[in-house]
Amino acid sequence: MKYKRILLKLSGEALMGDKQFGIDNARLDDYATQIKDLHDAGVEVAIVVGGGNIFRGVQAEDGGMDRTQGDYMGMLATMINSMALQAALEKQGVYTRLQSAIEMKEIAEPFIKRRAVRHLEKGRVVIFGAGTGNPYFTTDSAAALRAIEMEADVILKGTRVDGIYTSDPEKDPDAVKFGSLTFDEAYNKGLNVMDMTAFTLCKENDVPIIVFDMNKIGNLMKVVTGEKIGTLVTV
Ligand code: UDP
């Protein structure tokens, strides 16, 4: 294995599968199977899940609602997804712990760094819910923050596109994929890897990011064994 401890970031939209809203159970099970394979191979797995399939803070402003209120609603959406992923993993016999950045003690542990590290060392998959716990952030930033705190070797950003392209490959047939890039190259070319806060956190703390297609079963394992798929971003 090239990477011993990973932070996997899954967007809320990824969990939607082909649906327009909410969670696609088949997709969830596919993800859980891939995560189980890694876990069984001895890789320490931490996960941050987004909430965009249920609610985003910016949507609140459209309805005249306060942005902060909307952001907290978005953070709660990530908890719904995190609980669904936890259930899918447990169904497959994987031991998990869910830690929340907003206290909700009936359903999740509070985020405690040392405890999370201990869970990883004991072979439990740790899911971090409720983002950073702060409005005006995203789950990409939560992924960067938790990766740094856990001293993860890499952030794996599972998307439906198989890497970073010169332009949006779903719109531009001439788009070309990058095999690897530095943070500075990505910035200078205006490429969208993660939001700026997350991007800067990763750059300053030397955490590499791999963007890859998580919907192709087996890809997650390939990335962790060091196969060159997706796009690698390094300092
Ligand atoms: N959010 C937040 N602080 C955080 C993480 C998330 O306020 O630390 C809110 C924000 O409103 C965001 C929503 O939760 O729009 C869902 O998260 P995100 O958009 O990152 O999910 P994804 O795009 O990965 O599905």
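Parameters and conventions
- Residues numbered from 1 in each chain as written.
- Predicted model: local features only at pLDDT ≥ 70, side-chain atom pairs only at ≥ 80, totals over all residues.
- Heavy atoms only, no water.
- Axes fitted to C-alpha atoms, helices over the stretch in contact; angles between N-to-C directions.
- Helix = DSSP H or I, 4+ residues; strand = E, 2+ residues; numbered from the N terminus.
- Parallel < 35°, antiparallel > 145°, perpendicular 65-115°, else oblique.
- Left-handed = near helix turned anticlockwise from the far one by under 90°.
- Contact = heavy atoms within 4.5 Å.
- Nonpolar A, V, L, I, M, F, W, Y, C, P; charged D, E, K, R; others polar.
- pLDDT = per-residue confidence, 0-100.
- Pairing = 2+ DSSP bridges.
- Buried < 20%, exposed > 50% of the residue type's maximum accessible area, 1.4 Å probe, protein only.
- Phe/Tyr/Trp six-rings, centres within 6.5 Å; stacked < 30°, edge-to-face > 60°.
- Core = buried A, V, L, I, M, F, W, Y, C linked by side-chain atoms within 4.5 Å.
- Near = heavy atom within 4 Å.
- Polar contact = N/O pair within 3.5 Å; in protein donor to acceptor, adjacent residues only side chain to side chain.
- Areas by Shrake-Rupley, 256 points an atom, 1.4 Å probe, with all protein chains shown as cover.

### A short note on the packing of helix α2 (residues 25–40) against helix α4 (residues 67–91)
For any two helices packed against each other, the geometry is given by the interaxial angle and the distance between the axes. It is at 9 Å that the axes of α2 and α4 come closest, and there the two elements cross at 60 degrees. It follows from the interaxial angle that α2 and α4 lie oblique. The hand of the α2/α4 crossing is right-handed. Taken together, the residues of α4 that come into contact with α2 (itself represented by Leu28, Asp29, Ala32 and Ile35) are Ala84, Leu85, Ala88, Leu89 and Lys91. For the contact of α2 with α4, the class distribution of residues is 7 nonpolar, no polar and 2 charged.

### Quick look at the confidence of the model for the protein chain
Note: predicted coordinates in regions of low pLDDT should not be interpreted at a detailed level. In this model, the protein chain carries an average pLDDT of 96, and 100% of its residues clear a pLDDT of 70 or more. At the level of individual helices and strands, the protein chain shows its lowest average pLDDT in helix α3 (residues 57–62), which scores 88, and its highest in strand β5 (residues 125–129), which scores 99.

### Points about the sheet that holds strand β4 (residues 109–110)
In spatial order, the strands read β4-β3-β5-β2-β1-β6-β8-β9-β7; together these 9 strands make up an open sheet with mixed pairing. Lying at the two open borders of the sheet, with one neighbouring strand each, are β4 and β7 (180–182). In this sheet, strand β6 (residues 154–159) lies alongside strand β1 (residues 5–10) in parallel orientation, the contact comprising 5 bridges. By the bridge assignment, Leu7 is partnered in β6 with Ile155.

### Regarding the side chain of Asp140
Among the structural elements, Asp140 can be located in helix α6 (residues 139–150). Under the relative-accessibility criterion, Asp140 is labelled buried at 8%. With sequence-adjacent residues up to four places away left out, Asp140 is seen in contact with Lys9, Lys157, Met194, Asp195 and Ala198.

### What about the packing of aromatic side chains?
Scanning all chains against the criterion turns up 2 aromatic pairs. An angle of 75 degrees between the planes, with centres 5.6 Å apart, marks the rings of Phe111 and Phe128 as edge-to-face. With a gap of 17 residues between them, Phe111 in the loop between β4 and α5 (113–121) and Phe128 in strand β5 connect regions that are remote in the sequence. Judged by its relative accessible area of 2%, Phe128 is buried. Geometrically, the ring pair formed by Phe183 and Phe199 is edge-to-face, given 5.2 Å between the ring centres and 75 degrees between the ring planes. On the criterion of sequence distance, the pair formed by Phe183 in helix α7 (residues 183–188) and Phe199 in helix α8 (residues 196–204) is long-range, its members being 16 residues apart.

### What to know about the nonpolar core
With 37 residues, the main nonpolar core has Ile6, Leu8, Ile35, Ile47, Leu85, Leu89 and Leu156 as its most contacted residues. Of the residues forming this core, the biggest block, 6 residues, is contributed by α4. Excluding residues that lie within four positions of it along the chain, Ile35 makes contacts with Leu8, Val45, Ile47, Leu85, Leu89, Val125 and Leu220. Counting 30 residues, the second-largest nonpolar core is a separate cluster that includes Val48, Leu191, Met194 and Ala198.

### Considerations on unusual backbone geometry
The phi torsion at Ala130 lies on the positive side, around 65 degrees, for a residue other than glycine. Relative to the elements of secondary structure, Ala130 occurs in the loop between β5 and α6. A positive phi is found at Asp206, a non-glycine position, where the angle reads about 55 degrees. Secondary-structure assignment places Asp206 in the loop between α8 and β8 (209–213). A residue is classified by how much of its surface remains accessible, and Asp206, at 55% relative accessible area, is exposed.

### Some points on the side chain of Glu44
As for its placement among the helices and strands, Glu44 is situated in strand β2 (residues 44–49). Residues within four places of Glu44 in sequence aside, it is in contact with Lys4, Arg5, Ile6, Leu120 and Glu121.

### Brief notes about the site of the ligand
Around the ligand there are 21 residues in total, and Arg56, Asp71, Thr132, Asn134 and Thr139 lie nearest to it. Here Gly57 contributes a backbone N or O atom positioned 2.8 Å from an oxygen atom of the ligand. For the ligand, an oxygen atom lies 2.5 Å from a polar atom in the side chain of Thr139. In the complex, the protein chains occlude 93% of the 520 Å² of accessible area that the ligand would expose alone. Those elements that place two or more of their residues in the shell around the ligand are α1 (12–15) and α4. Looking at which element gives the most residues to the shell around the ligand, the answer is α4, with 3 residues.

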